[in-house]
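The residues making up each chain are set out below.
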Amino acid sequence: MKIDVAFRAADVTQELVQGRIAVVIDVLRATTMIASLLSAGAREVWPVKEVEEARRLAARLDGALLAGERGGLPPPGFDMGNSPRDIDPARVAGAPVVITTTNGTAAIERAAGADALVTAAFVNAGAVARSLLESGARQLIIICAGTRGAFSLDDALCAGHLIARLQKAHAGVELTDSALAARLLYEGQRDDLLSALLECAHGKVLQSLGLREDIELALSVDSIDLIPVRTWRDGRGVLQAAAPEAGLATAP
Ligand code: MLT
């Protein structure tokens with residue numbers, strides 16, 4: 001298995017993702033939220049780049065709920081923000097959820113040309129690692145969403161965590177220098193991930209909004225045992241829950 005890492009979604013090109021499995025990470029908070037929504041029973045999650053586009057799509061989908069953020073807070077009229085604590089399982093169960101976030105859903109869109117796409121966060125890292133191993137994935141590109149075009153420490157640490165787990169479980173893992181850098185970064189901080197997430201730029205923004213608990217929740221490693229896998233519907237990428245043992249539909 002060859003693993004590469006893009007530290008910023010802005011670096012993602014069609015050439016980079018083509019022929020590869022893309023793992024998109026936005027720990028604070030988009031991919032943590034997506035895993036949480038599916039774990040709460042959402043039928044599927046539709047990642048969308050813009051707020052207006054999300055509203056239009058939700059209006060077309062029967063029973064759809066709107067989730068997401070701008071500036072860390074839910075846009076007007078949304079059913080919930082981008083916090084797993086906003087999820088009401090009674091409302092979410094069986095419903096399609098349309099989500100739009102500043103960086104995470106844009107990163108998913110940039111990776112659309114990948115042969116297969118899954119989203120990952122600390123909360124479902126073990127499930128993602130297992131599914132990649134089950135699939136016999138050979139070419140992996142881990143995409144860190146970053147923050148407004150810049151490197152984001154939370155995503156890089158999660159990429160390193162995932163790589164460390166894959167390397168532990170599988171002898172034939174080859175890393176590019178960026179993948180090695182992510183793993184070394186994670187290994188240097190693994191015993192105190194919370195301090196890093198509290199000190200990083202987006203962690204500070206969330207704390208200033210009174211959302212520190214979301215940072216702690218995002219570090220509940222392996223609390224969710226499913227993988228959000230992209231399928232296609234009417235030309236749009238939709239994320240659906242799959243069991244890690246089911247692997248991925250395509251394994252380039
Ligand atoms: C994003 O996509 O930028 C984030 O997930 C932001 C957030 O939830 O605060």
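Higher on the page you've got the structure.
Predicted, not measured: the structure shown is a model, and the values here were computed from it.

**Q** Honestly, the overall build of the protein chain in this entry has me stumped. Any pointers?
**A** Along the protein chain, the regular secondary structure elements total 11 helices and 10 strands. Since a compact globule built from 252 residues should have a radius of gyration of about 18 Å, the 16 Å found for the protein chain is in line with a globular shape. When its C-alpha atoms are laid out on the principal axes, the protein chain stretches across 50 × 40 × 30 Å. For the protein chain, the proportion of its 252 residues judged to be buried stands at 56%. Contacts in the protein chain between residues far apart in sequence, at least 24 positions, make up 77% of those at least 6 positions apart. Entry remark: accessible area of the protein chain is about 10,100 Å², with carbon and sulfur atoms responsible for 49%. Across the protein chain, the mean location of the 25 positive side-chain charges is 3 Å away from that of the 31 negative side-chain charges.

**Q** Sorry if this is basic, but what is going on with the pattern of salt bridges here?
**A** Any two side chains of opposite charge can pair, given that their charged atoms come close. Considering all chains together, one arrives at 15 salt bridges under this definition. Where Arg-29 meets Asp-214, a salt bridge forms, and the shortest distance between an N and an O atom there is 2.8 Å. Of the two residues, Arg-29 sits in the loop between β2 (21-25) and α2 (30-39) while Asp-214 sits in helix α11 (residues 212-218), which places them 185 residues apart along the sequence. The class of Arg-29 is buried, set by a relative accessible area of 3%. In this structure, Arg-85 and Asp-214 form a salt bridge, with 2.8 Å as the shortest nitrogen-oxygen distance. Separated by 129 residues along the polypeptide, Arg-85 in the loop between β4 (65-68) and α4 (89-92) and Asp-214 in helix α11 bring together distant segments of the chain. Classification of Asp-214 by relative accessible area gives buried; the value is 2%. Among the charged side chains, a network of salt bridges with common partners joins Arg-29, Arg-85, Glu-213 and Asp-214.

**Q** Would you explain the site of the ligand in this entry?
**A** All residues in the neighbourhood of the ligand are listed as Asp-26, Leu-28, Arg-29, Ala-30, Glu-69, Asn-82, Thr-101, Thr-102, Asn-103, Gly-104, His-202 and Leu-206. Between an oxygen atom of the ligand and a main-chain N or O atom of Gly-104, the distance comes to 2.7 Å. A distance of 2.7 Å separates an oxygen atom of the ligand from a polar side-chain atom of His-202. Across the complex, the protein chains shield 99% of the 260 Å² of accessible surface that the ligand would expose by itself. Here the shell around the ligand is composed, by residue class, of 3 nonpolar, 6 polar and 3 charged.

**Q** When you look at the pairing of β2 in this model, what are you seeing that I'm missing?
**A** Both faces of the sheet carry side chains from a regular strand, because those side chains alternate between them. Buried residues dominate β2, accounting for 5 of its 5 residues. Pairing analysis gives 5 bridges linking β2 to strand β6 (residues 116-120), with the strands arranged parallel. Within β6, the position partnered with Val-24 by the bridge is Thr-119. Pairing of β2 with strand β7 (residues 139-144), which is carried by 5 bridges, proceeds in the parallel orientation. In the strand pairing of β7, Ile-21 is matched with Leu-140.

**Q** Even after reading the chapter, I still don't get the packing of helix α6 (residues 125-135) against helix α7 (residues 153-169), so can you show me in this structure?
**A** Packed helices, taken two at a time, are described by the angle their axes make and the gap between the axes. Here α6 crosses α7 at 45°, and the two axes come no closer than 10 Å. As judged from the angle between their axes, α6 and α7 are oblique. In this structure, the crossing between α6 and α7 has a hand that is right-handed. Facing α6, whose interface residues are Ala-125, Gly-126, Val-128, Ala-129, Leu-132 and Leu-133, α7 presents His-161, Leu-162, Arg-165, Leu-166 and Ala-169. Each residue belonging to the contact of α6 with α7 can be placed in one class, and the counts come to 8 nonpolar, 2 polar and 1 charged.

**Q** Before we go on, may I ask you to explain the nonpolar core in this structure?
**A** A general feature of soluble globular proteins is that nonpolar side chains tend to end up buried together. In terms of nonpolar packing, the biggest core is built from 47 residues, with Ile-3, Val-23, Leu-132, Leu-140 and Ile-142 touching the most fellow members. Of the residues forming this core, the biggest block, 8 residues, is contributed by α7. Among the nonpolar cores identified, the runner-up in size contains 34 residues, and Ala-6, Val-17, Ala-95 and Leu-239 belong to it.

**Q** Honestly, the side chain of Glu-53 in this entry has me stumped. Any pointers?
**A** Note on placement: Glu-53 falls in helix α3 (residues 51-60). A polar contact of 3.3 Å, which involves the side chain of Glu-53, links it to the backbone nitrogen of Glu-50. Apart from the residues lying within four places of it in its own chain, the contact partners of Glu-53 are Val-48 and Arg-236.

**Q** Before we go on, may I ask you to explain the environment of Ala-121 in this structure?
**A** Within the secondary structure layout, Ala-121 lies in the loop between β6 and α6. Placed 33 residues apart in sequence, Ala-121 and Asp-154 show a C-alpha to C-alpha distance of 9.5 Å. The residues touching Ala-121, leaving out its near neighbours within four places in the chain, are Thr-31, Thr-32 and Cys-158.

What counts and what doesn't
- Residues numbered from 1 in each chain as written.
- Predicted model: local features only at pLDDT ≥ 70, side-chain atom pairs only at ≥ 80, totals over all residues.
- Heavy atoms only, no water.
- Helix = DSSP H or I, 4+ residues; strand = E, 2+ residues; numbered from the N terminus.
- Rg over C-alpha atoms; globule rule 2.2 N^0.38 Å.
- Buried < 20%, exposed > 50% of the residue type's maximum accessible area, 1.4 Å probe, protein only.
- Contact = heavy atoms within 4.5 Å.
- Areas by Shrake-Rupley, 256 points an atom, 1.4 Å probe, with all protein chains shown as cover.
- Lys, Arg positive; Asp, Glu negative; His and termini not counted.
- Charge placed at Lys NZ, Arg CZ, Asp CG, Glu CD.
- Salt bridge = Lys/Arg side-chain N within 4 Å of Asp/Glu carboxyl O.
- Near = heavy atom within 4 Å.
- Polar contact = N/O pair within 3.5 Å; in protein donor to acceptor, adjacent residues only side chain to side chain.
- Nonpolar A, V, L, I, M, F, W, Y, C, P; charged D, E, K, R; others polar.
- Pairing = 2+ DSSP bridges.
- Axes fitted to C-alpha atoms, helices over the stretch in contact; angles between N-to-C directions.
- Parallel < 35°, antiparallel > 145°, perpendicular 65-115°, else oblique.
- Left-handed = near helix turned anticlockwise from the far one by under 90°.
- Core = buried A, V, L, I, M, F, W, Y, C linked by side-chain atoms within 4.5 Å.

Spatial relationships are all this shows, so hold off on functional conclusions.
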